[in-house]
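Chain residues, written in single-letter form:
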Amino acid sequence: MEMIHLILIIFLGGAVLTYFAGKVNDILRDALFILSILVPAILFFTNVNPESYIDLSIAGFNMKWGITHFGWIFSLIVLGLGVIVSFYAVSFMKGRDKVGSFYFNFILSIGAMLGILLSQDFVSFFIFWEIMTWSSYLMVVYNGNQVQKIGIKYFVFSAVGAYAMLMAIVITHSITGSFLITDLIAVFPQLSNQMHILIPILFLIGFGVKSAMMPLHVWAPGAYSNTPMAYTSVFSGALSKMGVYGMVLIMITLISHIPEGHWFREVIAWMGAFTAVLGTLWAVAQDDAKKLLAYSSVAQLGYIITGVAIGTELAMLSALFLSILHALFKGTLFMAVGAIEKQTGTSNFTEVSGLIRKMPWTFLASLMAIIALAGIPPLGGFVGKWMLYESLINSNHYILVIMIFFSSTAAFLYCYKFLFGFFLGQEEKEWAHVKEAPALMVVPMIILAAGTFILGAYPGLILSPIDAGMQAIGFEATQGHYWEMSVILNQWGDQVVLQPIVYAIFAIFLFFFLFLFFKSRKNTRYVTTKDISSSGEVPLEHENLTFSQNFFQPFLRAVEPVMRRQIDKYYNEFGRGLEAIFDFGRRIYTGNGQTYAIYVIIFVIILLFFKNNLFG
């Protein structure tokens with residue numbers, strides 16, 4: 001039996017066995033759950049070689065499975081994040097209902113994502129894509145909250161993306177007579193101009209939904225915030241990357257012959273930039289950490305989409321580097337929120353504060369992840385964002401630089417809101433009982449957070465496999481020196497000299513600490529969280545400008561015209577229009593036989609009346 005077959009069978013069999021083991025013993029169920037993800041991951045990285053394929057035929061369809069160097073990059077995200085989060089999930093889900101169902105869908109979605117990366121034909125790709133969608137949908141509705149609003153919205157958008165992708169696959173097969181992805185890539189340059197646009201657009205609709213690209217993003221905030229936090233880390237960190245994976249294949253392999261600056265690329269790049277800006281603004285406006293991180297994920301994916309659409313070597317390098325970093329820091333933050341919610345019962349900034357001494361390890365993991373998200377050295381987010389800025393400048397996209405930089409700068413607001421709201425505010429008596437999360441939840445957070453530090457210090461650890469992956473999709477060979485394209489990486493190479501950066505950051509913090517200490521030494525007074533800091537803004541009577549409640553109200557008031565028009569409103573109007581049409585249809589098709597008999601009589605009369613015009 002081929003190793004790929006064995007890995008997929010373990011995923012499927014493990015999901016089923018884990019589900020039924022829960023009816024026998026909880027410890028057995030938890031152990032099977034972890035092994036069902038850990039064992040396939042070990043087998044994959046030790047026995048599956050990139051660019052090694054197997055051919056198979058099922059029900060008359062010729063299929064091809066194997067992993068490319070490009071797909072291997074994303075397998076690191078899927079399996080690496082899946083294994084780490086699985087340990088966290090065991091502790092997070094302890095004492096909850098329907099744990100077996102949660103484990104079943106968790107394992108199934110990880111296996112389906114790996115199946116997508118292994119698929120070298122469209123039939124397998126689409127089957128695994130649907131398994132991933134259905135299993136993630138069941139996670140979205142797992143809690144039973146707002147199923148009609150959030151669950152149905154996710155399902156509808158996923159269905160739209162799936163049908164668009166299926167249409168592209170059918171058109172491709174009608175032209176090439178094959179379902180192999182390589183056959184489409186080979187014949188694509190000879191297709192008509194209409195097919196050059198139609199096929200990529202249909203695929204990009206499907207991939208754009210999963211990567212939460214505006215205006216296809218509206219499902220993401222609700223789905224991310226409504227899903228159990230033990231899965232949201234995978235949802236945001238890994239599953240969204242399947243959309244990025246597909247977008248790269250379309251933008252690079254299919255339309256690589258379209259010159260840089262072509263309107264097709266430009267439209268996608270601008271959509272990515274708007275996704276980054278508006279996602280950030282909506283993140284700042286949230287008081288619930290789940291929704292804040294959900295909108296933040298949308299914004300971070302906007303950076304990646306912009307890099308992919310620009311398509312230069314450096315832009316693609318930054319996009320893939322940020323994809324991995326996003327999985328690390330956003331996985332950490334969603335797990336941190338899950339830990340806080342488990343220990344306090346809430347994820348709302350306005351309800352809980354001052355947890356730094358109660359949950360110090362969760363704070364440390366959150367702090368490192370926030371630094372990486374904000375793009376501050378010496379963590380890896382700085383390297384990725386710098387390369388993105390540089391790629392936009394080198395390709396003369398100056399307005400996009402301004403938009404991405406604005407989004408990145410404004411992200412400091414919700415980063416501060418996250419840290420202060422949960423950890424740095426006044427300790428309240430009602431949270432005196434809170435303790436640190438269990439070690440099985442804390443250790444995975446620390447591991448992911450440490451990953452952002454390691455990649456900031458040694459970016460070459462991941463730049464080398466990214467280099468190989470980019471060559472696999474058509475970029476020129478560079479002998480492992482892609483980082484020489486960047487000013488910052490010319491000096492750093494594949495290893496960052498941390499001492500000057502660390503010393504500079506330490507000196508800045510020390511200066512302000514001493515300044516504040518001596519300045520306030522004689523005038524120290526204790527205040528409550530209800531004290532208002534107006535920052536020169538005259539508050540209205542109903543406004544409470546504390547850090548946790550409406551602290552950024554002046555900023556949000558300034559950008560309110562940009563946020564006023566929501567794409568959700570247009571989708572809702574469209575939905576109401578469809579409901580009206582369907583309601584009219586129900587009035588016609590009543591199910592009453594006598595009514596249908598009258599319709600037949602009317603139809604016959606019309607035929608007799610217009611028979612000369614119709615039949616001559």
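Below: a short report on this structure. What you are looking at is a predicted structure, and each value in this text was computed from that prediction instead of being measured.

Reading the values: the criteria
Residues numbered from 1 in each chain as written. Predicted model: local features only at pLDDT ≥ 70, side-chain atom pairs only at ≥ 80, totals over all residues. Heavy atoms only, no water. Phe/Tyr/Trp six-rings, centres within 6.5 Å; stacked < 30°, edge-to-face > 60°. Helix = DSSP H or I, 4+ residues; strand = E, 2+ residues; numbered from the N terminus. Buried < 20%, exposed > 50% of the residue type's maximum accessible area, 1.4 Å probe, protein only. Patch = residues over 30% accessible without salt bridge, like charges linked within 9 Å, V, L, I, M, F, W, Y side chains within 5 Å. Areas by Shrake-Rupley, 256 points an atom, 1.4 Å probe, with all protein chains shown as cover. Salt bridge = Lys/Arg side-chain N within 4 Å of Asp/Glu carboxyl O. Core = buried A, V, L, I, M, F, W, Y, C linked by side-chain atoms within 4.5 Å. Domains from an automatic or database assignment. Contact = heavy atoms within 4.5 Å. Expected span 1.5 Å × (residues − 1). Polar contact = N/O pair within 3.5 Å; in protein donor to acceptor, adjacent residues only side chain to side chain. Axes fitted to C-alpha atoms, helices over the stretch in contact; angles between N-to-C directions. Parallel < 35°, antiparallel > 145°, perpendicular 65-115°, else oblique. Left-handed = near helix turned anticlockwise from the far one by under 90°.

Details of the packing of aromatic side chains
Stage number 1. One pass over the structure, following the stated rule, counts 41 aromatic pairs.
Stage number 2. A ring pair is formed by phenylalanine 70 and phenylalanine 74, whose centres lie 5.3 Å apart and whose planes are at 70°; its orientation type is edge-to-face. Of this pair, phenylalanine 70 and phenylalanine 74 both sit in helix 3 (residues 69-92), four residues apart, roughly one helical turn. Note on accessibility: phenylalanine 70 and phenylalanine 74 belong to one class, buried.
Stage number 3. On the numbers, 5.8 Å between centres and 80° between planes, the contact of tyrosine 154 with phenylalanine 235 is edge-to-face. Taken as a pair, tyrosine 154 in helix 6 (residues 147-176) and phenylalanine 235 in helix 10 (residues 229-254) lie far apart in primary sequence, 81 residues in all.
Stage number 4. Classification of tyrosine 154 as buried rests on a relative accessible area of 1%.
Stage number 5. We classify phenylalanine 235 as buried; its relative accessible area is 0%.

Observations regarding a nonpolar patch on the surface
Stage number 1. A surface patch of nonpolar side chains, amounting to about 640 Å² of accessible area, comprises Phe506, Leu510, Phe513, Leu514, Phe517 and Phe518.
Stage number 2. The topology assignment puts phenylalanine 513 in helix 20 (residues 498-520).
Stage number 3. A relative accessible area of 53% means that phenylalanine 513 is categorised as exposed.

Some points on the nonpolar core
Stage number 1. Grouped together as the largest cluster of nonpolar side chains are 193 residues, with contacts concentrated most on Phe74, Phe102, Phe106, Phe203, Trp219 and Phe418.
Stage number 2. Here this core takes 20 residues from helix 13 (residues 313-344), the largest share from any one element.
Stage number 3. Two domains each provide a minimum of three residues to this core, namely domain 1 (1-258) and domain 2 (259-565).
Stage number 4. Leave out the neighbours within four places in its chain, and tryptophan 219 touches Lys153, Tyr154, Phe157, Val209, Lys210, Ala212, Tyr224 and Phe235.

Digging into the pattern of salt bridges
Stage number 1. Under the criterion given, the structure shown has four salt bridges.
Stage number 2. Here arginine 29 ties to aspartate 30 by a salt bridge, and the two come within 3.3 Å at their closest N and O atoms. Taken as a pair, arginine 29 and aspartate 30 share a single burial class, namely buried.
Stage number 3. In this structure, glutamate 341 engages lysine 290 in a salt bridge whose closest nitrogen and oxygen atoms are separated by 2.6 Å. One end of the pair, glutamate 341, is in helix 13; the other, lysine 290, is in helix 12 (residues 289-310), and 51 residues separate them in sequence. Of the two residues, glutamate 341 and lysine 290, both sit in the buried class.
Stage number 4. Because the salt bridges share partners, they merge into one network encompassing Asp26, Arg29 and Asp30.

Considering helix 10
Stage number 1. Between the first and last C-alpha of helix 10 there are 36 Å, a value that for 26 residues agrees with the 38 Å anticipated at 1.5 Å per step.
Stage number 2. For helix 10, a buried count of 26 out of 26 residues is recorded, marking the element as mostly surrounded by other parts of the structure.

Description of the environment of glycine 71
Stage number 1. Relative to the helices and strands, glycine 71 is located in helix 3.
Stage number 2. The class for glycine 71 is buried, based on a relative accessible area of 0%.
Stage number 3. With 21 residues separating them along the chain, glycine 71 and proline 50 place their C-alpha atoms 8.5 Å apart.
Stage number 4. Leave out the neighbours within four places in its chain, and glycine 71 touches Leu117 and Tyr245.

Quick notes on helix 15 (residues 380-394)
Stage number 1. End to end, helix 15 covers 21 Å across 15 residues, agreeing with the expected 21 Å (1.5 Å per residue, within 8%).
Stage number 2. Taking burial as the measure, the 15 residues of helix 15 include 12 buried ones, the bulk of the element.
Stage number 3. Taken residue by residue, helix 15 has Gly380, Gly381, Phe382, Val383, Gly384, Lys385, Met387, Leu388, Tyr389, Glu390, Ser391 and Leu392 as its buried positions.
Stage number 4. Backbone geometry just after helix 15 places asparagine 396 at a positive phi near 65°.

With respect to the side chain of serine 86
Stage number 1. Mapped onto the elements of the fold, serine 86 is located in helix 3.
Stage number 2. One polar contact links the side chain of serine 86 to the main-chain carbonyl oxygen of valine 83, over a distance of 2.5 Å.
Stage number 3. The residues contacting serine 86, other than those within four sequence positions of it, are Phe33, Ile34, Ile37 and Phe106.

Points about the environment of alanine 365
Stage number 1. Looking at the element boundaries, alanine 365 is found in helix 14 (residues 360-374).
Stage number 2. The spacing of alanine 365 and isoleucine 446 is 81 residues in sequence and 5.3 Å in space, taken between C-alpha atoms.
Stage number 3. Apart from residues no more than four positions distant in its own chain, alanine 365 is found in contact with Thr332, Met445, Ile446 and Ala449.

Some remarks on the packing of helix 1 (residues 3-21) against helix 4 (residues 99-118)
Stage number 1. In contact at an axis separation of 7 Å, helix 1 and helix 4 are set at 165° when each is read in the N-to-C sense. One element, helix 1, and the other, helix 4, form an angle in the roughly antiparallel class. Crossing angle aside, the handedness with which helix 1 passes helix 4 is left-handed. Contacts between helix 1 and helix 4 pair Ile4, Ile7, Leu8, Phe11, Leu12, Gly14, Ala15, Val16, Thr18 and Tyr19 from the former with Gly100, Ser101, Tyr103, Phe104, Ile107, Leu108, Ile110, Gly111, Leu114, Gly115 and Leu118 from the latter.

Focus on unusual backbone geometry
Stage number 1. One non-glycine residue with positive phi stands out, namely lysine 98, at about 55°.
Stage number 2. If you trace the backbone, lysine 98 turns up in the loop between helix 3 and helix 4.
Stage number 3. At asparagine 396, a position not held by glycine, the phi torsion is positive, near 65°.
Stage number 4. Within the secondary structure, asparagine 396 is located in the loop between helix 15 and helix 16 (398-424).
Stage number 5. Note on asparagine 396: relative accessible area 53%, which makes it exposed.

Some thoughts on the side chain of histidine 397
Stage number 1. Here histidine 397 lies in the loop between helix 15 and helix 16.
Stage number 2. In this structure histidine 397 comes out as buried when scored by relative accessible area, which is 12%.
Stage number 3. Once you skip the residues sitting within four places of it in the chain, histidine 397 turns out to touch Glu266, Ile310 and Leu392.

This is a description of form; function is not addressed.
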